[in-house]
Amino acid sequence: MKTLSYEENKILSGLARIEVRRWSSLLDKQYMVDLMNIALNTLEQQLGWIDWKGDMALPPVGNDVMVETRLRSGSLMQGLAKTFRWRNHTNQFGDIIAYRVIEKDGREG
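All of these numbers come straight from a predicted model, not from anything done at the bench.

Quick notes on the rules
Residues numbered from 1 in each chain as written. Predicted model: local features only at pLDDT ≥ 70, side-chain atom pairs only at ≥ 80, totals over all residues. Heavy atoms only, no water. 1 Å grid on protein atoms, 1.4 Å probe; cavity = no way out; pocket = protein on both sides within 12 Å on 5 of 7 lines; lining within 4 Å. Points joined across faces, edges and corners; volume = space filled by probe spheres on them. Helix = DSSP H or I, 4+ residues; strand = E, 2+ residues; numbered from the N terminus. Nonpolar A, V, L, I, M, F, W, Y, C, P; charged D, E, K, R; others polar. Axes fitted to C-alpha atoms, helices over the stretch in contact; angles between N-to-C directions. Parallel < 35°, antiparallel > 145°, perpendicular 65-115°, else oblique. Left-handed = near helix turned anticlockwise from the far one by under 90°. Contact = heavy atoms within 4.5 Å. Buried < 20%, exposed > 50% of the residue type's maximum accessible area, 1.4 Å probe, protein only. Pairing = 2+ DSSP bridges. Core = buried A, V, L, I, M, F, W, Y, C linked by side-chain atoms within 4.5 Å.

Engineer: Describe the layout of surface pockets, naming the residues involved and giving the relevant values.
Structural biologist: Of the voids in this model, the largest pocket is the one considered here, and its volume is about 500 Å³. If you trace the largest pocket, you find 21 residues lining it, with Asn37, Arg70, Leu71, Arg72 and Ile97 closest to the centre. At the level of elements, α1 (6-24), α2 (30-46), β2 (66-71) and β4 (96-101) are the ones that each hand at least two residues to the lining of the largest pocket. Among the elements that take part in the lining of the largest pocket, α2 stands out by supplying five residues, more than any other. For the lining of the largest pocket, a count of residues per class yields eight nonpolar, six polar and seven charged.

Engineer: Tell me about the packing of α1 against α2, residues and numbers included.
Structural biologist: Contact geometry of α1 with α2 gives a least axis separation of 9 Å together with a crossing angle of 160°. Looking at the two axes, α1 sits roughly antiparallel to α2. For the crossing formed where α1 meets α2, the hand is left-handed. Residues Asn9, Leu12, Ser13, Ala16, Arg17, Glu19, Val20, Trp23 and Ser24 of α1 lie in contact with α2, whose contacting residues are Met32, Val33, Met36, Asn37, Leu40, Leu43, Glu44 and Gln46. Of the residues contributing to the contact of α1 with α2, the split by class is nine nonpolar, five polar and three charged.

Engineer: Help me get a handle on the pairing of β2, residues and values and all.
Structural biologist: Where burial is concerned, most of β2 is hidden: five out of the six residues are buried. Between β2 and strand β3 (residues 76-80), which follow one another and run antiparallel, lie four residues, and Gly74 among them has a positive phi close to 100°.

Engineer: I'd love a proper account of the nonpolar core, names of residues and values included.
Structural biologist: In this structure, Trp52, Val67, Leu71, Ala81, Phe84, Trp86, Ile96 and Tyr99 together form the largest nonpolar core, which totals eight residues. At the level of secondary structure, the elements contributing two or more residues to this core comprise β2 and β4. If we ignore the near neighbours within four places in the chain, the residues touching Ile96 are Trp52, Thr69, Arg70, Leu71, Phe84, Arg85, Trp86 and Asn88. Core analysis: the next-biggest nonpolar cluster, separate from the first, contains seven residues, Ala16, Val33, Met36 and Leu40 among them.

Engineer: Describe in detail the sheet that holds strand β1 (residues 50-51), supporting the description with residues and values.
Structural biologist: Strand order in the open sheet formed by four strands is β1-β4-β2-β3, and the pairing between neighbours is antiparallel. Each of the sheet's edge strands pairs with one partner strand only, and the pair in question is β1 and β3. Looking at chain direction, β2 and β4 are connected through five bridges and run antiparallel. Paired with Glu68 across the bridge in β4 is Arg100.

Engineer: Give a detailed account of the side chain of Asp95, specifying residues and quantitative values.
Structural biologist: If you trace the backbone, Asp95 turns up in the loop between β3 and β4. Using a relative accessible area of 0% as the deciding quantity, one classes Asp95 as buried. The contact partners of Asp95, leaving out residues within four places of it in the chain, are Arg70, Leu71, Arg72, Arg85, Asn88, His89 and Thr90.

Worth remembering: the numbers are spatial, not functional.
Listed below in structure tokens is the structure:
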């Protein structure tokens, strides 16, 4: 398999998220949702995303570290780690499911 550039990886991750939403609406196509989630997890690990189970209330990084979070709803949010609710509840859309550290110049890393 070809090594993807950072930009190619971001584009494919976005397309995989769209496909997950599209296939989720079809009850008999759950296998496609599972397949796309596997692909998305692989792509996102390459982009520096860290899975988050939400079993702790405190941020996994320092309070004043800039992070980007992915919510269960699929939304992305950026801010200081101390501004987010890190403890997950039972499958709520606002639960954090992954995060990554954002460097001071705005780049992921």
